[in-house]
Each structure stands twice: as structure tokens, then as C-alpha cells.
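# Close look at the chain arrangement
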Amino acid sequence: MYDFIVIGGGIAGISAGARLSELGRVLVLEAENALAYHASGRSAAMFEQNYGAPRVIELNRASYDFHANANGGVLSSRGLMLIGGIGQEEALAHDLAQMNLPRITTEEALELVPILNPEAMVGVGYHPDAWDIDTDLLLMNFAREIRQNGDVKTSAKVTDITRTSTGWQVTAGDVFEGRQLVNAAGPWADEIAKLAGIAPIGLQPYRRSMARIPAPGIHDISNWPMFMGAAESWYAKPDAGALIVSPEEEDPVPPQDAWADDMVLAEGLARYEEQVTEPVTRMIANWAGLRTFAPDRNLVLGPAPQDYTFIWCAGQGGYGFQTSPAASQLLADVVAGRTTTLGPDAVADLSPNRFA
């Protein structure tokens, strides 16, 4: 008998399992043959404290110290640049204010990213306080904590869930029993809820595509910041000597092993090319991930109002890695009945009770 059975081995489930392992014995069940296969494995891996809805930003800020220092830290300097194209003056002003990005001159922008097209820009904002996250290291650190008081099983797809007098019985090849059930199944979280007899929330997965292209021209891009268009129209980020470019689309899809849409990629690459002087000559690879949101776009953290032994850890959207330290701590604090570091209004806004 486990104290907690966590369904889902992405960053949501692994971080939640690590925190809950301080309260009891944990089992994490992942359907795929490796952790972080779907959304978590296709993350842009950025930590930007001012990116997201207000409650997401609170979780980001509460996560910074853990990301920077726990187990030696998982952050490395990157920086963030926001670019307004022709006709995007209002969108640029809105985004700069929301993300607290100071404006810089065209000359300063070209020092940071030499391929930018000055004739296509109406303004630029930048700050250095954005970081790459070593996502593999973060996952391994959390998984190591789980294994000190529990187990992590891959290739364990959940096919049946039964409420028992002592908790939950979960079939995933073998049959496992646990006192409390944690639903961290990402895009499939509503499906897991239905399987357990719990009312779904209305989670919606959205596809986001990415293309990997060669480094532009003869440039060394290793120290370039992440740079993106206003109104989330595209982004580009250096990655292991190449450049990842995303159209930043948000197309609703059913839960699935997502793939990139060729036309969407082409449109996104065209928007990127409008802002730079180096054309895209070829694509090395492409892929897509899912960003799953609750109807109000806040995370869903805590026990279901119908059954307090069923615990939601869902709706991370595109913020799973950067919010994971604070979100998982909040979840464990709520389950344990402890005072949280976030205020009561924030806890209420993230609670499943808001959908009751």
C-alpha cells in the first residue's frame, strides 16, 4: 500500500511526487517508456519570472530560489528580447509593461542579435534576467527524492481505477493500491478523472510547434538571448549550436502524441524571417508539444471537492518547469494541512474548488 499514487511522469508528476515523498511512500506511474515524454520533453526550457498569468507569475517568483540554488541550481544565463514588428506598436507596449522589460535602442539590440532587421522593427525590449533551465537535471533531482521513499515505474499505462474502502486501486499492467491518488496526467488529466469517477474540469490541450534550423550565417549564437515577437507571434532560442523557432500557435487538439503542422510551421518561420536579415535555408527537425490549460488558465492544485483523496496537479500550460518548485510545494502543503507561502487568495485561485 502506497500513501500516494501519482499518475503522470512529466515535470508535474515528478515534482509533486518528490514533495509528497516527505509525507509518505510514493509511486509514480508513467505510460511511456521514459519520463517527460510528451509536453515536458518538448519544452522551451526557459525561466522568465514575469511570463504568464498573474498567479503563474507568483509561482514563478516563488520558484526562483529553488531553481537557482537547490542541488547546486539548474539555471544558466540566457536573457530575453521582445521585438515589435511593423504595426505592433500597441502589442509591444502592452507586452513590455506586462513583462517589465525596459526598452533598448536598435543599436543595442543588434549587439545582442546581429541578424535583426532594423527596418522591420518599431521597438525592442530586453533584460538579462531570464535563464535556461537544465530540465533533465531538474527531473533527475526530483526523481531521486521520490526513489528515497517510493518508486517510479515507466511503461505503466493506467487502464482502470477503482475507489476502495482504504483508498484507490489502480491497474497499470500490475495492480497497485494507494491511500491517495494524484492526477498529474497532463493532457489526459480529465480522462484520468473520468476513469476515477471524478468530474472533469474542462482541461484543453493546445498544440505548439517548433522547428530546429541551423545557426544563421556564420554567427556564433551561443550567447544570444531568446528573442520573440510581440503578441506571442513567434520566438527563437539558441539550442546546442542551432536555433529553435516556434510560431507560438495555440491550436486546440485532443490529448495526443502531438506533431507539427507543416503549414503552421511555414507561417511561423515566415513571421520570424520578416524580423531578420538571414533567410531560413533548411530545417533540421521539427516537433510539437501540448500546453494544457484549465478554462481560467490557472493551474489546478489540490484535492477534488468530491473526494479529498483525489488530488489534482494539472493545467500547467506552458509553465510546468518554471513553476514546478512552488507548485509542488503548494500541493504538498495543502495536502498536509500546512500554511503555504502563497497568500490565501492565490491558494483559492489555484484550488479545484473553484470548479465545484
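Reading guide: rules and limits
Residues numbered from 1 in each chain as written. Predicted model: local features only at pLDDT ≥ 70, side-chain atom pairs only at ≥ 80, totals over all residues. Heavy atoms only, no water. Helix = DSSP H or I, 4+ residues; strand = E, 2+ residues; numbered from the N terminus. Rg over C-alpha atoms; globule rule 2.2 N^0.38 Å. Buried < 20%, exposed > 50% of the residue type's maximum accessible area, 1.4 Å probe, protein only. Areas by Shrake-Rupley, 256 points an atom, 1.4 Å probe, with all protein chains shown as cover. Lys, Arg positive; Asp, Glu negative; His and termini not counted. Charge placed at Lys NZ, Arg CZ, Asp CG, Glu CD. Pairing = 2+ DSSP bridges. Contact = heavy atoms within 4.5 Å. Salt bridge = Lys/Arg side-chain N within 4 Å of Asp/Glu carboxyl O. Phe/Tyr/Trp six-rings, centres within 6.5 Å; stacked < 30°, edge-to-face > 60°. Lys NZ or Arg CZ within 6 Å of the ring centre and 35° of its normal.

## Remarks on the overall build of the protein
Each helix and strand counted, the protein has nine helices and 20 strands in total. Over its C-alpha atoms the protein spans a radius of gyration of 21 Å, differing by no more than 12% from the 21 Å that the globule rule assigns to 356 residues. With respect to the three principal axes, the spread of C-alpha positions in the protein is 70 × 40 × 35 Å. Within the protein, the fraction of its 356 residues that count as buried is 55%. Accessible surface, the protein as shown: approximately 14,700 Å² in total, 49% of it carbon and sulfur. Here the protein contributes 24 positively and 44 negatively charged side chains, and the mean placements of these two sets differ by 7 Å.

## What to know about the pairing of strand S15 (residues 235–239)
Of all five residues in S15, four are buried, a share of seventy percent or more. Both strand S14 (residues 226–229) and S15 contribute to a ladder of two bridges, which runs antiparallel. Looking at the pairing, Phe-227 lines up with Ala-236 of S15. Hairpin remark: S14 followed by S15, antiparallel, with five residues in the connecting loop; positive phi at Ala-231, about 60°. Pairing between S15 and strand S16 (residues 242–246): five bridges, direction antiparallel. The partner of Tyr-235 across the bridge, within S16, is Ser-246. Connecting the antiparallel pair S15 and S16 is a turn made up of two residues, with Ala-240 showing a positive phi of about 50°.

## Remarks on the environment of Leu-27
Along the chain, Leu-27 falls in strand S2 (residues 26–29). You can call Leu-27 buried: its relative accessible area is 0%. As for Leu-27 and Leu-110, which are separated by 83 residues in sequence, their C-alpha atoms are 50 Å apart. Those residues in contact with Leu-27 that sit more than four places away from it in its chain are Tyr-2, Phe-4, Ile-5, Val-6, Asp-151, Lys-153 and Phe-176.

## Overview of the sheet that holds strand S4 (residues 75–77)
The sheet built from three strands is open, its strands ordered S3-S8-S4 with antiparallel pairing. The open sheet has two edge strands with one neighbour each: strand S3 (46–47) and S4. Note that S3 and strand S8 (residues 131–133) share two bridges and pair antiparallel. Residue pairing across strands places Met-46 opposite Asp-132, the latter belonging to S8.

## Thoughts on the pattern of salt bridges
For the coordinates displayed, the defined rule picks out 17 salt bridges. For the salt bridge of Asp-251 with Arg-207, the shortest nitrogen-to-oxygen distance reads 2.6 Å. Of this pair, Asp-251 sits in strand S17 (residues 251–252) while Arg-207 sits in strand S13 (residues 204–214), and the two are 44 residues apart along the sequence. The class of Arg-207 is buried, set by a relative accessible area of 12%.

## Quick word on the packing of aromatic side chains
Counted by the stated rule, this structure contains 13 aromatic pairs. Note on Tyr-51 and Tyr-319: the rings are 5.4 Å apart at their centroids and 70° apart in plane angle, and the pair reads as edge-to-face. Placement of the pair is Tyr-51 in the loop between S3 and helix H2 (54–69) and Tyr-319 in the loop between strand S20 (307–314) and helix H8 (320–336), with a sequence separation of 268 residues. A relative accessible area of 8% means that Tyr-319 is categorised as buried. Between Trp-224 and Phe-227, the aromatic rings sit 6.2 Å apart at their centres with planes inclined by 70°, giving edge-to-face as the arrangement. Relative accessible area serves as the criterion here: at 0%, Phe-227 is assigned to the buried category. Aromatic rings pair up to connect Tyr-51, Tyr-206, Phe-293 and Tyr-319 into one cluster. The ring of Trp-168 has Arg-163 sitting right over it, with the charged end atom 5.1 Å from the ring centre. Positioned above the aromatic ring of Tyr-206, the side-chain terminus of Arg-297 is 5.9 Å from the ring centre.

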